[in-house]
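Each chain, written out:
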Amino acid sequence: MPSHVAKSLVVFATILAGTGSVRAQQNAPKAQVPIAKPAILQDPETEAAIAQLGSASPQVRAKARKTILDLGKPGLDSLRRAIAAADDISPEQLFVLAEDIGRERRNVQFAQTWELAEKSWRVAWRPDGQRLGLLQEYGGTVTMLDADLKQTGDSFGGDAAKFAFDPTDQTFAYNNGDGVMLIADRKTGRLVRLAVTGKPSLAYSPDGRHLATGGYSNDVEMWQVADGTRVSKFSVDGIKGALSPLFSPNGKLLVIGNRNDTTHIFDVDSGKLLQVLERKSSQQLVFSPDGSRLAIAYVDGKIGIWKPTNGTLEKLLDSDAEEVFTLAWSPDGTLLVSAGLAGPIVVWSGRHLAKLHTLEPGSVRTFRLAFRPDGKLLVAAGNKTTRAWSIESAR
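Here goes a summary of the coordinates provided. What you see is a predicted model, and the numbers here were worked out from it, not measured in a lab.

**Considering the sheet that holds strand E5 (residues 140-146)**
Link 1 in the chain: Across the sheet, which stays open at both edges, the four strands sit in the order E3-E4-E5-E6 with antiparallel pairing between neighbours. Among the strands making up the open sheet, the edge pair consists of strand E3 (122-125) and strand E6 (151-160). Between one strand axis and the next, the sheet turns through 20 degrees on average, direction left out of account.

**Brief notes about the environment of glycine 129**
Link 1 in the chain: Position of glycine 129 among the secondary structure elements: in the loop between E3 and strand E4 (131-135).
Link 2 in the chain: Taking the relative accessible area as the measure of exposure, glycine 129 reaches 5% and is therefore buried.
Link 3 in the chain: Discounting residues that sit within four places of it in the chain, glycine 129 has contacts with Ala147, Arg372 and Pro373.

**A few points about the pattern of salt bridges**
Link 1 in the chain: Under the counting rule described, the total for this entry stands at 20 salt bridges.
Link 2 in the chain: Close ionic contact of arginine 387 with glutamate 115 constitutes a salt bridge, the shortest N to O distance being 3.2 Å. With a gap of 272 residues between them, arginine 387 in strand E30 (residues 386-393) and glutamate 115 in strand E2 (residues 108-116) connect regions that are remote in the sequence.
Link 3 in the chain: Arginine 293 is the salt-bridge partner of glutamate 314, the closest N and O atoms lying 2.6 Å from each other.

**So, the packing of helix H2 (residues 44-52) against helix H3 (residues 58-70)**
Link 1 in the chain: Relative orientation of the contacting elements H2 and H3 amounts to 145 degrees, with a least axis distance of 8 Å. Once H2 is placed against H3, the crossing between them reads as left-handed. In this structure, H2 contributes Glu45, Ala49, Ile50 and Gln52 to the contact, and H3 contributes Val60, Arg61, Ala64, Thr67 and Ile68.
Link 2 in the chain: Here the contact of H2 with H3 is built from residues that sort into five nonpolar, two polar and two charged.

**Here's the deal with the pairing of strand E24 (residues 323-329)**
Walk down a regular strand and you will see the side chains alternate between the two sheet faces.
Link 1 in the chain: Of all the seven residues making up E24, seven are buried; the element is thus mostly covered by neighbouring parts of the structure.
Link 2 in the chain: For E24 and strand E25 (residues 335-341), the ladder comprises six bridges, and the chain directions are antiparallel. When the sheet's bridge partners are listed, tryptophan 329 is paired in E25 with leucine 336.
Link 3 in the chain: Following E24, the chain reverses through five residues before pairing antiparallel with E25; glycine 333 in that reversal takes a positive phi of roughly 80 degrees.

**What about the packing of helix H4 (residues 73-82) against helix H5 (residues 91-107)?**
The geometry of a pair of packed helices is captured by two quantities: the angle between their axes and the separation between those axes.
Link 1 in the chain: Interaxial distance between H4 and H5 falls to 10 Å at its minimum, and their mutual angle equals 40 degrees. With respect to H5, the element H4 is oriented oblique. Where H4 crosses over H5, the handedness of that crossing is left-handed. Contacts between H4 and H5 involve Leu76, Leu79 and Arg80 on the former and, on the latter, Pro91, Leu94, Phe95 and Ala98.
Link 2 in the chain: The class makeup of the residues in the contact of H4 with H5 is six nonpolar, no polar and one charged.

**Here's the deal with the nonpolar core**
Link 1 in the chain: The biggest cluster of nonpolar side chains holds 33 residues, and the ones touching the most others in it are Ile68, Leu79, Ile83, Phe110, Ile345, Leu369 and Leu378.
Link 2 in the chain: Ranked by the residues each element gives to this core, the list is headed by H5, at five residues.
Link 3 in the chain: Ranked by size, the runner-up nonpolar core spans 17 residues in total, among them Phe156, Phe165, Phe172 and Tyr174.

The rules behind each value
- Residues numbered from 1 in each chain as written.
- Predicted model: local features only at pLDDT ≥ 70, side-chain atom pairs only at ≥ 80, totals over all residues.
- Heavy atoms only, no water.
- Pairing = 2+ DSSP bridges.
- Helix = DSSP H or I, 4+ residues; strand = E, 2+ residues; numbered from the N terminus.
- Axes fitted to C-alpha atoms, helices over the stretch in contact; angles between N-to-C directions.
- Buried < 20%, exposed > 50% of the residue type's maximum accessible area, 1.4 Å probe, protein only.
- Contact = heavy atoms within 4.5 Å.
- Salt bridge = Lys/Arg side-chain N within 4 Å of Asp/Glu carboxyl O.
- Left-handed = near helix turned anticlockwise from the far one by under 90°.
- Nonpolar A, V, L, I, M, F, W, Y, C, P; charged D, E, K, R; others polar.
- Parallel < 35°, antiparallel > 145°, perpendicular 65-115°, else oblique.
- Core = buried A, V, L, I, M, F, W, Y, C linked by side-chain atoms within 4.5 Å.

Below you can see the structure in the form of structure tokens.
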């Protein structure tokens, strides 16, 4: 990372501290991608004043405001860049925004409460928040922990690469070696077998009735959970790659990310291609709980915040990681968390999309993040350790 970018990120963190088969057509609608502005190095006086805007003391904040106003346009421009504010907001709005971000940071606190000194590949909570599935390695067994992260003695799979829990908590699905996906009824143990290619990614529809699977290809298949019938196939043009399917919270949209190409958004019922998000090389995709935003992790260390209804890029965030592997929204949508390769876990304001905290993952690679459904615990799976943080909020 260039030194001037690293320097700006330090400044910004200090501010917040307060100290059917369907083929994608070539003429599909394409979103325009805004160009991010480069970060610019600040002088020490400006840095200190910006940092003090995050203080809990009204007197300190007032003094910081005066210092920045006395610096004139360069001071205001520095503050605008530091909090990634729009160019058209007034100085008063700029100060209010900076102080609000500082207040958010003070009102939510993370404390590491648990660590498993072993690597893990995937973690996911059951919808009731009483069990956490933990897959320690690609092609392994999923072990179950309770809400306090203690072993329950339960497990499933033996050659699992991916797994998911039905949002209605009736079934769960997992790979069982190459070419086999199993859907298990949680109460009866009945298994439905799907014939898939390789070890694809998977995603349940919100009502639990359908499962979407996508591997290294150009196709995502949608299956009926009850009997394993394939009901639709969604195909994307472009370079073949590792596909990541995701349903919107209302179940009306299916988003397909591609590790080697662009992201496509389809209407589930009609199969119609609605949007092509032109930024390439995505990893995990996550909808905000209300479905108004789609966050996408990219291999270049950026996070794209998209409006799924029209395919526009709302904001492009710098994650502080060389590559972003994973994202997670808090259940109430107030926080977004990111992690990946050679960087911290970053906690963002869901409201302002500004950095609030950084957490030490204890691993070079953080593969997956998962909030407990009550929003009071965050778990991170990494290549060296698995950690959890309790979350206290004054909201």
